[in-house]
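In case you want the letters, here they are:
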Amino acid sequence: MSECAIVGINWGDEGKGRMVDLLTENYDVVVRFQGGGNAGHTVVNEKGKFALHLLPSGIFRSGVVNVLGNGVAVDPENLWKEIQEVMSKGVEITTDNFKISDRASLLLPWHRDMDEFEEMRLADKKYGSTKQGIAPFYSDKYQKKTILAGELFYPEELKTHLADLMEWKNLTLTKVYGAKPYTMEMLEEWLETYCKKIMPYICDTGKFLKEAKADGKNILFETQLGSLRDLDYGIYPYTTSSNTTAAYAPIGSGFANAKIDDVVGVVKAYSTCVGEGPFVCEMFGEEAEKLRRAGFEYGAKTGRPRRVGPIDIVATRYGVEVQAATAIALTKLDVLSYMDKIPVCTHYMLNGEQTDSFPFPFALKNAEPVIEFFDGWKCDISGVRRWEDLPKAAQEYVTYIEKQIGCPIKYVSVGPERDNIVIR
Ligand code: GDP
């Protein structure tokens, strides 16, 4: 029996979905423990190409049970649409292979409105939210102003609870944002159209996980986004509204006594960042455009072009540390194959001094990247499966990163498909 978390080390979009899809071969249960449908994992396998937002990436493996833990923002509308879309491509989603925690809070219809209205109010000071309602959802969760998935089984009490919440939320919607109020009819329609559909999957997943552990099952914890988006350890306020670090897995999964043995940190071979906020190693102009195109760096959820840059050793080392990673998967190494010289951000300059420490979020805007160049390999490496077959320049690039971040790079991903992998 083993418990392993797969986490992002950088700003998200590192290729976690691809790694979960690969590693689920050795696991019986995959649990999402935080976040909502505001980011996406892209998984390519024999069934096709999928952009998952809420469903755990183990959903494609037969025999794997997928769980949305209590730390997840469960949006019944988006979840139901995603279930239907994935099922339409021939993937089975049943109450046996998919379970939603009865203790997960539900993202209510007004959370998306609140997100949209607040970004509009902020105008050029906006955070770059994906407008999926995640920040309003978590704010309300911590104010105890949302409902638990399990409440759907108590329809009478639920209606009273929803009416109270609606009365409270309508004050903000109408008086602060000048929007239309919600009515009970609207909420009843939402209950009927979406909540009812996901009800069969809702159960006591804490009990399920406890039993799975007792039966010696291997459990994999999956997170969304990366270290630098963690609410407490990331580039606040340009973070997400939950904890993306492995330390949160026992709490957000509903498996409070989980002892995570392995933390696989996913690092991209270069940097990308979606939305606003400091991004010290950012590249601009033609070089940036070339890298963006080579890596197809456009948001899985929004289609927004991602900001790109060289790998940032300072941020990656920090990301490894806060995740307490025990092994690294370096992804998208193949994307760099076109480069003659590969840039690497080795240090930051801050207030005239060179530093290797990741600065306080507000100091990041004053940090300048120190860039060094490594030799490129200039050949297609996507067919390589053994470490010794990688070109010497690629090996040197990988071992340099490994040494700098202080964590073994166990997997080198050289393409998006399941078998495009070098395991060391
Ligand atoms: P996630 O949210 O961390 O799962 O990352 P995304 O799904 O947003 O981005 C990863 C993208 O890179 C997906 O389109 C993957 O199919 C693709 N990808 C993952 N690993 C590799 C790789 O090693 N090489 C290439 N070329 N693409 C990869």
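Scroll up a little and you will see the structure.
The structure contained in this document is the topic of the report that follows. This is a predicted model, so every value here is computed, not measured.

1. Observations regarding the overall build of the chain
Alright, step 1. Broken down by element type, the chain carries 11 helices and 20 strands.
Alright, step 2. Relative to its length of 424 residues, the chain is compact, with a C-alpha radius of gyration of 22 Å against a globular reference of 22 Å.
Alright, step 3. Its C-alpha atoms give the chain principal-axis dimensions of roughly 65 × 50 × 35 Å.
Alright, step 4. Contacts in the chain between residues at least 24 apart in sequence constitute 76% of all its contacts with a sequence separation of at least 6.
Alright, step 5. With an accessible surface of roughly 17,900 Å², the chain has 51% of that area assigned to carbon and sulfur atoms.

2. Quick word on the pattern of salt bridges
Alright, step 1. Under the defined criterion, the tally for this structure stands at 26 salt bridges.
Alright, step 2. One salt bridge connects K213 with E3, and the closest N-O pair in it is separated by 3.4 Å. Taken as a pair, K213 in helix α7 (residues 205-214) and E3 in strand β1 (residues 3-8) lie far apart in primary sequence, 210 residues in all.
Alright, step 3. Here E3 falls in the buried class, since its relative accessible area comes to 1%.
Alright, step 4. The salt bridge involving E192 is made with K196; its shortest N-O contact spans 3.1 Å. Here K196 and E192 lie together in helix α6 (residues 184-198), a separation of four residues that amounts to about one turn.

3. What to know about empty space enclosed by the protein
Any space left empty among the atoms is revealed by the rolling of a water-sized probe across them.
Alright, step 1. A complete count under the given rule lists two cavities of 30 Å³ or more for this structure.
Alright, step 2. In this model, the largest cavity occupies a volume close to 40 Å³.
Alright, step 3. Along the walls of the largest cavity sit A269, Y270, L291, G309, P310, I311, L336, M339, I342, P343 and Y397, which together make up its complete lining.
Alright, step 4. Roughly 30 Å³ of internal volume is contained in the second largest cavity.
Alright, step 5. Around the second largest cavity sit F50, A51, E82, E85, V86 and K89, which together line it.
Alright, step 6. Going through the elements one at a time, β4 (48-52) and α2 (76-88) are the ones with two or more residues in the lining of the second largest cavity.

About the cut-offs
Numbering of residues starts from 1 in every chain and runs along the sequence as written. Given that this is a predicted model, residues contribute local features only at a pLDDT of at least 70 and side-chain atom pairs are listed and counted only at 80 or more, while totals for whole chains, interfaces and linings are drawn from all residues. Heavy atoms throughout the structure, all of them, feed into the side-chain values; hydrogens and water do not. Numbering of helices and strands starts at the N terminus; helices are DSSP runs of H or I of at least 4 residues and strands are runs of E of at least 2. To get the radius of gyration, use the C-alpha atoms; to get the globule rule, take the number of residues to the power 0.38 and multiply by 2.2 Å. In what follows, a contact means two residues having at least one pair of non-hydrogen atoms within 4.5 Å. Here the open area of atoms and residues is found with the Shrake-Rupley method and a 1.4 Å probe, where only the protein chains shown may cover a residue. Note on definitions: salt bridges are taken to be side-chain nitrogens of Lys or Arg within 4 Å of carboxyl oxygens of Asp or Glu. Each residue gets one of three labels from its accessible area relative to the maximum for its type: buried under 20%, exposed over 50%, partly exposed in between, using a 1.4 Å probe on protein chains only. Here the term cavity refers to a set of points on a 1 Å grid, laid over the protein atoms alone, in which a 1.4 Å probe fits but cannot get out; the term pocket refers to an open set having protein on both sides within 12 Å along at least five of seven lines, with lining residues being those that place an atom within 4 Å of a point. Grid points are joined across faces, edges and corners, and a volume is the space filled by probe spheres set on the points.

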